[in-house]
Amino acid sequence: MENTAAKKVMLSGIQPSGDLHLGNYLGAIKNWVARTDEFDNYYFMADMHTITVRQNPADLRRRTLEQLAQYIACGLDPEKNTLFIQSHVHQHAELGWVLMCYTMFGELSRMTQFKDKSSKHKENVNGGLFTYPSLMAADILLYQPDFVPVGEDQKQHCELTRDVAQRFNSIYGDVFKVPEPYIPKAGARVMSLTGPDTKMSKSIPEGCVFLMEKPEDIMRKFKRAITDCDTENCVRFDLANKPGVANLMSIYAAVTGKSYEEIEREFEGCGYGKFKPAVGEAVVEALRPIREETERLLKDKAYLEGVYRSGAEKAEYVANKTLRKVYKKIGFVAR
Ligand code: TYM
């Protein structure tokens, strides 16, 4: 492992509560991979967060390992990135409790993810769902990162993390680095293909493209993607009036690296009938190597086990240093 002492730190995580999709990839993972060499990186499977909603235990275990294989297949080299499973590093739960005592009821009540999930799962509005952002703050602050690369929907949680860190620091001195969210230009908010007013998520599978999905299924979803009911039928970036086309353009921009102007020129005079399958094909080609490499890695359980074990060791070393400091500052007796 190279010397990372002088590097800035990046950290992020994804819940293995469903199969990874294009939103996770473009909003988060692609950005992690792009900056691998510049930073000291920590990326984890946020399994502890998933149980705020009931999970099938066998599925959770399978998806956690699949997610690790997908992180690597997307380009996160385990030699350059610390990849670990959140529940393997017990300091997350411990700092989570401490930070819960420094997060206000009013702050937690304002979180949109809590409002969304509590309305979707009315039968199970549990304490964990409500205090989730304090655990997320702990996930982040344990590693003293400079940047937290996430999609737009996690910005509110990152801002709360900053507020909690600043509140704690104002009482006890500089304990936590106050991190910045790091949000991509294209792909920060990938919308559903069935309606550009909702974000792409596993809860609407027809509008969601999964990383492991077969090419023919991906093509079908893109061909059926909702575009706009304007009469113009022209590929032009106009978020307010043509949100469906804007969504497809931002997906195309994120996977090809092209600018909106370049895309408009490429499809000038073509209409949506040509544009939609072209976006589908670009996505299929971007995901093909990821799917193939994931399938290969999943056959090598011993390798994956080695990665998450050494990841947990390295993560725990860093997390423990922060937790000891916190315990000392708040007045807990050292053992
Ligand atoms: P989660 O698991 O819902 O999503 C993981 C990442 O994917 C991004 N994302 C999207 N980006 C663009 N368009 C979409 N449609 C889309 N859907 C999801 C999310 O913004 C996120 O970056 N609370 C977090 C997980 C977490 C975490 C952390 C993240 C737990 N601890 C510490 C960062 C740092 C969550 O529920 O993300």
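Residues numbered from 1 in each chain as written. Predicted model: local features only at pLDDT ≥ 70, side-chain atom pairs only at ≥ 80, totals over all residues. Heavy atoms only, no water.

A word on the overall build of the protein. Helix and strand counts for the protein come out as 13 helices and seven strands. Each principal axis of the C-alpha atoms in the protein carries an extent, and together these give about 70 × 45 × 40 Å. Looking at the protein as a whole, 53% of its 335 residues are labelled buried. Residue pairs in contact within the protein that sit at least 24 positions apart in sequence constitute 76% of those at least 6 positions apart. With an accessible surface of roughly 15900 Å², the protein has 53% of that area assigned to carbon and sulfur atoms. (Helix = DSSP H or I, 4+ residues; strand = E, 2+ residues; numbered from the N terminus. Buried < 20%, exposed > 50% of the residue type's maximum accessible area, 1.4 Å probe, protein only. Contact = heavy atoms within 4.5 Å. Areas by Shrake-Rupley, 256 points an atom, 1.4 Å probe, with all protein chains shown as cover.)

To continue, consider the side chain of T161. Mapped onto the elements, T161 comes out in helix α8 (residues 155-172). Residues contacting T161, with those up to four places away along its chain left out, are A137, I140, L141 and P179.

A few words now on the domain arrangement of the protein. Domain annotation of the protein identifies domain 1 (8-188 + 300-330) and domain 2 (205-295). Distance between the C-alpha centres of domain 1 and domain 2: 29 Å. Listed by partner, the interface residues are 13 residues for domain 1 and 16 residues for domain 2. Of the roughly 1200 Å² buried between domain 1 and domain 2 on both sides combined, carbon and sulfur atoms contribute 77%. Counting the surface domain 1 buries against domain 2, the share from its top three residues, L22, Q70 and A73, is 38%. On the surface where domain 1 and domain 2 come into contact, there are zero salt bridges. Mapped onto the side of domain 1 that touches domain 2, the elements with two or more residues apiece are α1 (22-34) and α3 (57-73). (Domains from an automatic or database assignment. Buried area = accessible area lost by both parts, 1.4 Å probe. Salt bridge = Lys/Arg side-chain N within 4 Å of Asp/Glu carboxyl O.)

A word on helix α12 (residues 272-298). For α12, spanning 27 residues, the distance from its first C-alpha to its last is 38 Å, which sits close to the expected 39 Å at 1.5 Å a residue. Approximately 35 degrees is the largest bend angle found in α12, and it occurs at L287, with the proline P289 only one to four residues beyond. (Expected span 1.5 Å × (residues − 1). Bend = angle between axes of the 7 residues up to and from the residue.)

All right, on to the site of the ligand then. In the vicinity of the ligand there are 28 residues, among which Y132, D139, G151, D153 and V190 approach most closely. Here an oxygen atom of the ligand and a side-chain polar atom of Q15 are 2.8 Å apart. G151 places a polar main-chain atom, nitrogen or oxygen, 2.8 Å from an oxygen atom of the ligand. When isolated, the ligand has an accessible area of 710 Å², and the protein chains bury 95% of it. Only β1 (8-14), α1 and α7 (127-141) provide two or more residues apiece to the shell around the ligand. Grouping the amino acids of the shell around the ligand by side-chain chemistry returns 13 nonpolar, 12 polar and three charged. (Near = heavy atom within 4 Å. Polar contact = N/O pair within 3.5 Å; in protein donor to acceptor, adjacent residues only side chain to side chain. Nonpolar A, V, L, I, M, F, W, Y, C, P; charged D, E, K, R; others polar.)

In terms of nonpolar packing, the biggest core is built from 57 residues, with L22, F222 and V283 touching the most fellow members. A per-element tally of this core places α12 first, with 11 residues. Residue assignment places this core across two domains, with domain 1 (8-188 + 300-330) and domain 2 (205-295) each supplying three or more. L22 has contacts with G27, V190, M200, V209, L211, F222, I251, V283 and L287, leaving out every residue within four places of it along the chain. (Core = buried A, V, L, I, M, F, W, Y, C linked by side-chain atoms within 4.5 Å.)

Bringing the state of the cysteines into the picture now. Applying the stated criterion across every chain, the model contains zero disulfides. Between C158, a free cysteine, and C74, which holds the nearest cysteine sulfur, the sulfur-to-sulfur gap is 20 Å. (Disulfide = S-S within 2.5 Å.)

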